[in-house]
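Listed below are the residues making up each chain.
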Amino acid sequence: MAAKDVSRRRVLGTGLGLGIAAAVGGAELPSAFAATATPAVHPSAYEPVSMVLHTHSCFSEGGSYADGGGGASMLSQLDQVTKNNIDVVWWTDHDWRMEAYGYYDGIAFDGTNEDGGLAWSVQNEGSVTGATHAFVADPHSLNEEGKAMRVAATGPSAQWGVSYLFGKPGNSFYSTNLSDTTLTIDVLGEKIGADAELVVQVETSYRPAVAGRPAGVYVLEYRVGTTATRVLEKPLTGVVSVPVEDGWQTLTMHLLDDIKAFWPDIIAEDSGLARLRFGVRARNNATAQAVFDHLRIDRTRDPLRWPVKLQRKLMKEYAKQYPNVTQLLAAEVSMVRHLNVFMEHFELYPYPDQGKAPSLDNSVEGTEKVVKWYQERGAIVQYNHPDINPTEFVQTRALGTDMTEVADYGGNFDVIHDRTAQYDAAARNAIFLTATSQVDDHAGRNWANKAHMYTTSVWSPSKKAKDLIAALRSGQAWWFHQKLWPTARLDLNVDGRRAMGRVIRTTAASVPVEVVVQNLPADFTVQVVVGVCDRTGASTPSIEKHAFAADAFAQGSMTFDLERGQGSYLRVEVYDSEDVLVGFGNPLWVLSPRDDVDVPLARRFSYVAR
């Protein structure tokens, strides 16, 4: 069907009760369907619960330099959740990073990519001249064969200048929570003195302003110079210095202990190892020169249990500071096509051992295997930032997932358009998916300044994981623009019962649907999207859009007569005065009882036409 407006005569009244709108009668669906249908509760028994379903913290790889470096701490994300009036945060750190699955145990400094895409980049700070680096065969540590890395620079100013080599690892192979991690490195101070020092810098996580300190990335620096000191040099920079020795010496960095010592007021375990930099610093025309070799990264974690236990501990600690935010544990499964998994009693997936730097399994079969593993354990699974491939999406039934991200975290409306079309192609083929928004934030700062910040809400009797998962499973969800329409409320009711996300099987020619759009600004427009559900396997949608001005929802709802035909569905989109998509509700399907369609129990809706 082509998009078109509908006449008001097709609408059975604005803001009228469902008892006024009568559907065409007829024999109803088999009693087995009605008997197994999930009971539908009166709308007043539910509350709107806003959630971020895709949120990264100190267990992931950190943020980009464009976002200010470091990566989000749980504290910074909770700060943003609170400032944006969001009820629930699901922690969805990358599972394989939580496990440190296939992570490197060190860096050899031999000038190669070390079989994992390791690359080196010079990063100078302050005034330096003559900065050089080289990978040399001699000298090198006796603890490791091969080359070592030499760095030199002169500081012409009275202020310290630094020349770093940032070890950028392929796929961030050392970035994860640092609480169980000790670093050791062999160093040789060739030109070290009062004005020339060796530096190893550890960038940890970003935190908001606390205890009189500014917001920013907390940093540890380990220096070799002329004295032994421990000092908080800047509010967010703790420095451990040791005297230079003759010949090679080993620096041991107890990261968690040092964070606790420098900032005793914070929850130190909420820290990620984001970036490592190695270099020299100098001033007063001195030249510093040093050699680095044999970095060891020692972790003690039980990969499947330790991260879950630690993050739950952090959630419990932060609940004292943020009692009004519900925190729930999930993860982004990331060694197959990215999936978020939501379950009451969370488990990490036991990946098979592939050795160092395992590769992503992007296959349909590999992803479907993981989806099935989680669903067998009661989880619901979300297809994150799905590939735009409608044919595959329909043929694989969205890889067997229960949910899919439609809103784009960057507000790219071309992406949103393509994902929406792909979603409608699935809906056309009776692939029952809950559409959600993609927050996917790694930085933990300035959510309100994002051009497009979409949030998912559900109708739920509580904020308990069990109830929220049930709401997502049954499609009782909508997503909305956090800045342009923060009070958005969308729903679909049938027979006075909540029906968004549900499937009605009936012989009735039409079903009266109460379309609920609440807190609607006067200059917004509502599009009632009606799609064909003919289950032909087509990978393109077949929809009509029916536009209504805001005054049609002056009472908060209107009733729309949804014709069944060969099968149909209805969902709602809302646009502001600039034609920006600000709201998207999940569909209601109406099918014949004679159609051979497998309807999940959570989506079945018992309906008797009057």
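Data block above holds the structure.
All of these numbers come straight from a predicted model, not from anything done at the bench.

Colleague: Sorry, what's going on with the overall build of the protein here?
Modeller: From N to C terminus, the protein includes nine helices and 34 strands. Along the longest, intermediate and shortest principal axes, the C-alpha atoms of the protein span 95 × 45 × 40 Å. When contacts within the protein are restricted to residue pairs at least 6 apart in sequence, long-range pairs at least 24 apart make up 77% of them. Only carbon and sulfur atoms are counted for the fraction: they give 49% of the accessible area of the protein, which is about 22800 Å². One way to put it: in the protein the 57 positive side-chain charges average out to a point 5 Å from where the 72 negative ones average out.

Colleague: Explain the pairing of strand β22 (residues 454–460) to me, please; I cannot follow it from the model alone.
Modeller: Look at any regular strand and the pattern is simple: side chains alternate between the two faces of the sheet. For β22, the tally of buried residues reaches seven of seven residues, placing the bulk of the element in the interior. Where burial is concerned, the two faces of β22 agree: the one with Tyr454, Thr456, Val458 and Ser460 and the one with Thr455, Ser457 and Trp459 are both buried. With five bridges connecting them, strand β1 (residues 47–55) and β22 associate as antiparallel partners. If you follow Met51 over to β22, its bridge partner there is Thr456.

Colleague: Even after reading the chapter, I still don't get the pattern of salt bridges, so can you show me in this structure?
Modeller: Pairing is possible between side chains of opposite charge, provided their charged atoms come close. This structure, assessed with the given rule, holds 29 salt bridges. As a salt-bridge pair, Glu61 and Arg97 come within 3.0 Å of each other at their nearest N and O atoms. With Glu61 in the loop between β1 and α2 (74–83) and Arg97 in helix α3 (residues 95–99), this residue pair connects regions lying 36 residues apart in the sequence. There is no split in this pair, since Glu61 and Arg97 are both buried. As a salt-bridge pair, Glu269 and Lys260 come within 3.6 Å of each other at their nearest N and O atoms. Take Glu269: its relative accessible area is 12%, and that puts it in the buried class. Accessibility expressed as a relative area gives 38% for Lys260, which makes it partly exposed.

Colleague: Would you explain helix α8 (residues 413–428) in this entry?
Modeller: Note on helix geometry: an α-helix contains 3.6 residues per turn, so any two residues three or four positions apart are oriented the same way. Over its 16 residues, α8 extends 22 Å from the first C-alpha to the last, a length consistent with the 22 Å expected when each residue adds 1.5 Å. Looking at α8, one finds that the buried residues are Ile416, Arg419, Thr420, Gln422, Tyr423, Asp424, Ala425, Ala426, Ala427 and Arg428. Of the residues flanking the start of α8, the one acting as N-cap is Asn412, its side-chain oxygen 2.9 Å from the backbone nitrogen of Asp414. Looking one or two residues past α8, Ala430 carries a phi angle of roughly 55 degrees, positive in sign.

Colleague: I would appreciate a short explanation of the packing of α2 against helix α5 (residues 306–321) in the present structure.
Modeller: Relative placement of two packed helices is described by the angle separating their axes and the distance separating the axes. The interhelical angle for the contact between α2 and α5, taken along N-to-C directions, is 45 degrees, at an axis separation of 11 Å. The orientation of α2 with respect to α5, classified from their angle, is oblique. Judged by the twist between their axes, the crossing of α2 over α5 is right-handed. The residues of α5 that touch α2, namely those facing Met74, Leu75 and Leu78, are Gln311, Leu314, Met315, Tyr318 and Gln321. Of the residues contributing to the contact of α2 with α5, the split by class is six nonpolar, two polar and no charged.

Colleague: Would you explain the sheet that holds strand β21 (residues 434–437) in this entry?
Modeller: Note on sheets: strands pair through backbone hydrogen bonds, and any given pair is parallel or antiparallel. Taken in spatial order, the five strands of this open sheet run β17-β18-β19-β20-β21, and their pairing is mixed. The outermost strands of the open sheet, each flanked by one partner alone, are β17 (331–333) and β21. Between one strand and the next, the sheet's axes are offset by a mean angle of 35 degrees, whatever the strand orientation. Pairing analysis gives three bridges linking β17 to strand β18 (residues 339–342), with the strands arranged antiparallel. Bridge pairing in β18 places Glu332 opposite Asn340. Of the strands in this sheet, β17, β18 and β19 (380–383) touch helix α6 (residues 364–375), which is tilted by about 10 degrees from β18.

Colleague: Please explain the nonpolar core as it appears in this structure.
Modeller: In summary, soluble globular proteins display a tendency toward joint burial of nonpolar side chains. Membership of the largest hydrophobic core comes to 71 residues, with the highest contact counts inside it found for Val515, Val517 and Val574. With 46 residues, the next largest nonpolar core counts Leu236, Leu255, Phe262 and Ile266 among its residues.

Colleague: For this particular structure, what's the right way to read the sheet that holds strand β11 (residues 229–234)?
Modeller: Strand order in the open sheet formed by seven strands is β4-β7-β14-β9-β10-β12-β11, and the pairing between neighbours is mixed. The strands lining the two open edges of the sheet, one partner per strand, are β4 (119–125) and β11. Averaged over all adjacent pairs, the angle separating strand axes in this sheet is 25 degrees, with direction ignored. Relative to strand β12 (residues 237–243), strand β10 (residues 216–225) runs parallel, the two being bridged by seven bridges. Bridge assignment links Tyr222 to a residue of β12, and that residue is Val240. Strands β9 (196–207), β10, β11 and β12 of the sheet are contacted by helix α4 (residues 255–262), whose axis makes an angle of about 110 degrees with β10.

Colleague: How should I be thinking about the side chain of Glu203 in this particular structure?
Modeller: Here Glu203 shows up in strand β9. At 2.7 Å, the side chain of Glu203 forms a polar contact with the side chain of Arg275.

Quick notes on the rules
Residues numbered from 1 in each chain as written. Predicted model: local features only at pLDDT ≥ 70, side-chain atom pairs only at ≥ 80, totals over all residues. Heavy atoms only, no water. Helix = DSSP H or I, 4+ residues; strand = E, 2+ residues; numbered from the N terminus. Contact = heavy atoms within 4.5 Å. Areas by Shrake-Rupley, 256 points an atom, 1.4 Å probe, with all protein chains shown as cover. Lys, Arg positive; Asp, Glu negative; His and termini not counted. Charge placed at Lys NZ, Arg CZ, Asp CG, Glu CD. Buried < 20%, exposed > 50% of the residue type's maximum accessible area, 1.4 Å probe, protein only. Pairing = 2+ DSSP bridges. Salt bridge = Lys/Arg side-chain N within 4 Å of Asp/Glu carboxyl O. Expected span 1.5 Å × (residues − 1). Polar contact = N/O pair within 3.5 Å; in protein donor to acceptor, adjacent residues only side chain to side chain. Axes fitted to C-alpha atoms, helices over the stretch in contact; angles between N-to-C directions. Parallel < 35°, antiparallel > 145°, perpendicular 65-115°, else oblique. Left-handed = near helix turned anticlockwise from the far one by under 90°. Nonpolar A, V, L, I, M, F, W, Y, C, P; charged D, E, K, R; others polar. Core = buried A, V, L, I, M, F, W, Y, C linked by side-chain atoms within 4.5 Å.

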